[in-house]
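Tertiary structure, described
Okay, here's what each chain looks like letter by letter:
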Amino acid sequence: QVQVVESGGGLVQPGGSLRLSCAASGSIFSINTMGWYRQAPGKQRELVARITNGGSTNYADSVKGRFTISRDNAKNTVFLQMNSLKPEDTAVYYCNLHVVLTSGRYLEVWGQGTLVTVSS
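Quick caveat: nothing in here was measured; it's all calculated off a predicted structure.

1. Some remarks on the overall build of the chain
If you tally the helices and strands in the chain, you get 0 helices and 11 strands. The linear arrangement of helices and strands in the chain, starting from the amino end, is β-β-β-β-β-β-β-β-β-β-β. Here the chain has a C-alpha radius of gyration of 14 Å; the compact-globule value for 120 residues is 14 Å, and the two agree. Expressed as a percentage of its 120 residues, the buried residues of the chain come to 42%. By element, 47% of the accessible surface of the chain is carried by carbon and sulfur atoms, the whole surface being about 6,300 Å². Across the chain, the mean location of the 11 positive side-chain charges is 3 Å away from that of the 7 negative side-chain charges.

Rendered as structure tokens:
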């Protein structure tokens, strides 16, 4: 019904940048709220950023001013631009999508996760 592919993770030095992408495909009518979560070793999964279908955004305090979430509705894709990266940003990042299927059903889906490592 819905397939989600994340990309863009990797190794970067402190102060560097990465751009994560999450693209959905399948029997999609529309996507409402999109979000990015992350989980570091030994830590709880936490919300990093969210964007509504109307374009409203919110961010975790730890990433405000450094990360930007955006979306391309025509491509069913959400992005996370990460600048001024810090070692404490190291985590597996997961996208989360609230999808309306062409059947009319509502579905919450997760990406497979992409590893971001910030290290000197």
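2. Examining the side chain of Asn-96
Tracing the chain through its elements places Asn-96 in strand S9 (residues 91-101). What makes Asn-96 buried here is its relative accessible area of 2%. At 2.9 Å, the side chain of Asn-96 forms a polar contact with the side chain of Glu-108. When sequence neighbours within four positions are dropped, the list of residues in contact with Asn-96 reads Thr-33, Met-34, Gly-35, Tyr-37, Glu-108, Val-109 and Trp-110.

3. Points about the environment of Ile-31
Relative to the assigned elements, Ile-31 resides in strand S4 (residues 28-39). Once the C-alpha coordinates of Ile-31 and Thr-52 are considered, the two residues, 21 residues apart in sequence, prove to be 9.0 Å apart. Dropping the residues within four chain positions of it, Ile-31 is found in contact with Ala-24, Asn-53, Arg-71, Asn-76, Leu-97, His-98 and Val-99.

4. So, the state of the cysteines
A full pass over the atoms with the stated rule returns 1 disulfide. The residue that forms a disulfide with Cys-22 is Cys-95, at a sulfur-sulfur distance of 2.0 Å. Taking the torsion about the S-S bond as the criterion, the Cys-22 to Cys-95 disulfide, at about 55°, is right-handed. Here Cys-95 lies in strand S9 and Cys-22 lies in strand S3 (residues 18-26), a separation of 73 residues in the sequence. For the pair Cys-22 and Cys-95, a shared accessibility class is recorded, and that class is buried.

5. A few points about the pattern of salt bridges
Opposite charge on two side chains lets them pair, provided their charged atoms get close. Within this structure, the stated rule accounts for 4 salt bridges. We note a salt bridge from Glu-46 to Arg-38, for which the minimum N-O separation is 2.8 Å. Close ionic contact of Asp-89 with Arg-38 constitutes a salt bridge, the shortest N to O distance being 3.0 Å. Placement of the pair is Asp-89 in the loop between strand S8 (77-82) and S9 and Arg-38 in strand S4, with a sequence separation of 51 residues. The exposure classification of Asp-89 matches that of Arg-38, with both residues buried. Here the salt bridges do not stand alone but share partners, grouping Arg-38, Glu-46, Arg-66 and Asp-89 into one network.

Criteria and cut-off values
- Residues numbered from 1 in each chain as written.
- Predicted model: local features only at pLDDT ≥ 70, side-chain atom pairs only at ≥ 80, totals over all residues.
- Heavy atoms only, no water.
- Helix = DSSP H or I, 4+ residues; strand = E, 2+ residues; numbered from the N terminus.
- Rg over C-alpha atoms; globule rule 2.2 N^0.38 Å.
- Buried < 20%, exposed > 50% of the residue type's maximum accessible area, 1.4 Å probe, protein only.
- Areas by Shrake-Rupley, 256 points an atom, 1.4 Å probe, with all protein chains shown as cover.
- Lys, Arg positive; Asp, Glu negative; His and termini not counted.
- Charge placed at Lys NZ, Arg CZ, Asp CG, Glu CD.
- Polar contact = N/O pair within 3.5 Å; in protein donor to acceptor, adjacent residues only side chain to side chain.
- Contact = heavy atoms within 4.5 Å.
- Disulfide = S-S within 2.5 Å.
- Salt bridge = Lys/Arg side-chain N within 4 Å of Asp/Glu carboxyl O.

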